[in-house]
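As a plain string of letters, each chain reads:
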Amino acid sequence: MLDTPKVAVIMGSDSDFDVVKKCLIALERFGIEYDVQVISAHRNPQKIFEYATTAEERGIEVIIGAAGKAAHLPGVIAGITPLPVIGIPIQTSFQGGLDSLLSIVQMPAGVPVATVAVNGAENAGILAAQMLSIKYPEIREKMKAYKILLNDEVVAKNEKVQEIL
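On a predicted model such as this, the values are computed, not experimentally measured, just so you know.

Calculation notes
- Residues numbered from 1 in each chain as written.
- Predicted model: local features only at pLDDT ≥ 70, side-chain atom pairs only at ≥ 80, totals over all residues.
- Heavy atoms only, no water.
- Salt bridge = Lys/Arg side-chain N within 4 Å of Asp/Glu carboxyl O.
- Helix = DSSP H or I, 4+ residues; strand = E, 2+ residues; numbered from the N terminus.
- UniProt positions renumbered as here; feature names shortened; annotations may be inferred.
- 1 Å grid on protein atoms, 1.4 Å probe; cavity = no way out; pocket = protein on both sides within 12 Å on 5 of 7 lines; lining within 4 Å.
- Contact = heavy atoms within 4.5 Å.
- Phe/Tyr/Trp six-rings, centres within 6.5 Å; stacked < 30°, edge-to-face > 60°.
- Lys NZ or Arg CZ within 6 Å of the ring centre and 35° of its normal.
- Buried < 20%, exposed > 50% of the residue type's maximum accessible area, 1.4 Å probe, protein only.
- Right-handed = clockwise from strand over helix to strand, strands pointing away.
- Pairing = 2+ DSSP bridges.

*Asks:* Any chance you could explain the pattern of salt bridges here in plain terms?
*Replies:* Pairs can form between side chains of opposite charge once their charged atoms are near each other. Here the structure, examined in full by the defined rule, presents four salt bridges. Across the pair Glu-141 and Lys-144 runs a salt bridge, and its minimum N-O distance is 3.6 Å. Residue Glu-141 and its partner Lys-144 are located together in helix α6 (residues 137-164), separated by three residues, close to a single helical turn. Three or more residues are tied together by salt bridges with common partners; here these are Lys-6, Glu-61 and Lys-135.

*Asks:* Help me out: how do you make sense of the UniProt feature "domain: PurE" (unreviewed entry) in the protein in this one?
*Replies:* The sites that carry the UniProt feature "domain: PurE" (unreviewed entry) are, in the present numbering, residues 5-154. Taken end to end, residues 5-154 is 47% helix and 17% strand, and its two terminal C-alpha atoms sit 33 Å from one another.

*Asks:* Even after reading the chapter, I still don't get the UniProt feature "binding site: substrate" (unreviewed entry) in the protein, so can you show me in this structure?
*Replies:* The UniProt record marks Ser-13, Asp-16 and Arg-43 with the feature "binding site: substrate" (unreviewed entry), using the residue numbering of this structure. Checked against the lining of the largest pocket, the annotated residues reduce to Ser-13, Asp-16 and Arg-43. Relative to the helices and strands, Ser-13 is located in the loop between β1 (7-11) and α1 (17-29). Sequence-distant contacts of Ser-13, that is, excluding residues within four places in its chain, are made with Val-38 and Arg-43. Asp-16 has contacts with Met-11, Ala-66, Ala-67 and Ile-90, leaving out every residue within four places of it along the chain.

*Asks:* Can you walk me through the packing of aromatic side chains in this structure?
*Replies:* The geometry of two aromatic rings is summed up by the distance between their centres and the angle between their planes. Under the counting rule described, the total for this entry stands at one aromatic pair. Taken together, a centroid distance of 5.5 Å and an interplanar angle of 80 degrees make the contact between Phe-30 and Tyr-146 edge-to-face. Note that Phe-30 is positioned in the loop between α1 and β2 (34-38) and Tyr-146 in helix α6, a separation of 116 residues in sequence. The aromatic ring of Tyr-51 is capped on one face by Arg-58, whose charged end is 4.2 Å from the ring centroid.

*Asks:* Would you explain the pairing of strand β4 (residues 85-90) in this entry?
*Replies:* It is a general feature of regular strands that their side chains alternate between the two faces of the sheet. In terms of residue burial, β4 counts as a mostly covered element, since six of its six residues are buried. Neither face of β4 is exposed, since Val-85, Gly-87 and Pro-89 on one face and Ile-86, Ile-88 and Ile-90 on the opposite face are all buried. For the segment spanning strand β3 (residues 62-68), helix α3 (residues 73-80) and β4, crossover handedness is right-handed. Pairing of β4 with strand β5 (residues 114-115), which is carried by two bridges, proceeds in the parallel orientation. Its bridge partner lying in β5, Ile-86 is registered against Ala-114. Once you follow β4 into helix α4 (residues 98-105) and on to β5, the crossover reads as right-handed.

Quick look at the structure:
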């Protein structure tokens, strides 16, 4: 594991945790320390401003924001910090999460948010690991091994199908 948290994972609500835990599992797979917070862009904007403006000095290198419905959290964070931000749109009862996805992905020029699929928390963790692997060789090696594992799993599934045919 890296010594200090390099990734911040912020949820707009504690109800997002069941989705977000897949992101945390992915970060753990690569030995990446993380800080997890529940901070609402709408209900405590001063806290998100303070957190995002001090993230870099605390050693955070990537921020992941998960939010549903209006889903402003990742965009607000991206507007505050120079760090890369990954958005996780959370599925909602309204339009199956399309509202969340569009709220996160449709950012104005100059304020990008890398956005994964609705409820795509695992990919958010993997993307953060790939970003960090540029700087940290130990994460890069784990990423290479992970890619080999993915390949091997597909090869094994194909072999099973071929045996059935």
